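# An overview of the molecular structure
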Amino acid sequence: VQAAARAAGCTVRGFKSEAQPQSHIPGESATRESTPPLSGGHNQKWADYGVYNEPIPYKYQLHNLEHGAVFVQYGTKVSVEGVNALREM
């Protein structure tokens with residue numbers, strides 16, 4: 001994974017689990033260790049699975065992760081071809 005990430009110009013990082021319980025809370029996710037959040041208290045709602053043109057709010061992403069979802073996020077420097085390849089994946 002590290003070699004593939006370097007070849008693509010990306011980085012891979014690990015984060016410890018949040019001290020807070022993995023519980024549903026109103027409002028925004030209550031994580032502080034990472035952006036995007038990877039663990040901790042989160043909103044009780046989740047995002048419908050699919051492809052989005054706009055970022056999904058973190059409060060929903062974290063709930064999806066709880067259920068085994070995988071998010072592929074990309075920055076503004078990704079080419080149109082790269083975005084299309086991600087969509088096809």
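Computed from a predicted model, the values in this text were never measured in an experiment.

This paragraph deals with the overall build of the chain. A tally of regular secondary structure across the chain gives three helices and zero strands. Each helix (α) and strand (β) of the chain, taken in turn from the N terminus, gives the series α-α-α. Within the span of the chain, comprising 89 residues, buried residues form 24% of the whole. Taking contacts inside the chain between residues at least 6 apart in sequence as the whole, the part at least 24 apart equals 20%. Surface exposure of the chain reaches about 6,800 Å², of which carbon and sulfur atoms provide 55%.

Moving on, we come to the side chain of Gln61. With respect to the element layout, Gln61 can be found in helix α2 (residues 58–66). Its relative accessible area of 4% is what places Gln61 among the buried residues.

This brings us to the confidence of the model for the chain. Low-confidence regions, as indicated by low pLDDT, have predicted coordinates that should not be scrutinised in detail. This prediction gives the chain a mean pLDDT of 80; 83% of its residues lie at or above 70. Per-element averaging of pLDDT across the chain places α2 at the bottom with 82 and helix α3 (residues 80–88) at the top with 89.

Moving on: a nonpolar patch on the surface. Among the surface-exposed residues, Val70, Val72 and Met89 lie close enough to one another that they form a single nonpolar patch of about 360 Å² accessible area. Among the secondary structure elements, Met89 is positioned in the segment after α3. The class for Met89 is exposed, based on a relative accessible area of 69%.

What counts as what
- Residues numbered from 1 in each chain as written.
- Predicted model: local features only at pLDDT ≥ 70, side-chain atom pairs only at ≥ 80, totals over all residues.
- Heavy atoms only, no water.
- Helix = DSSP H or I, 4+ residues; strand = E, 2+ residues; numbered from the N terminus.
- Buried < 20%, exposed > 50% of the residue type's maximum accessible area, 1.4 Å probe, protein only.
- Contact = heavy atoms within 4.5 Å.
- Areas by Shrake-Rupley, 256 points an atom, 1.4 Å probe, with all protein chains shown as cover.
- pLDDT = per-residue confidence, 0-100.
- Patch = residues over 30% accessible without salt bridge, like charges linked within 9 Å, V, L, I, M, F, W, Y side chains within 5 Å.
- Salt bridge = Lys/Arg side-chain N within 4 Å of Asp/Glu carboxyl O.

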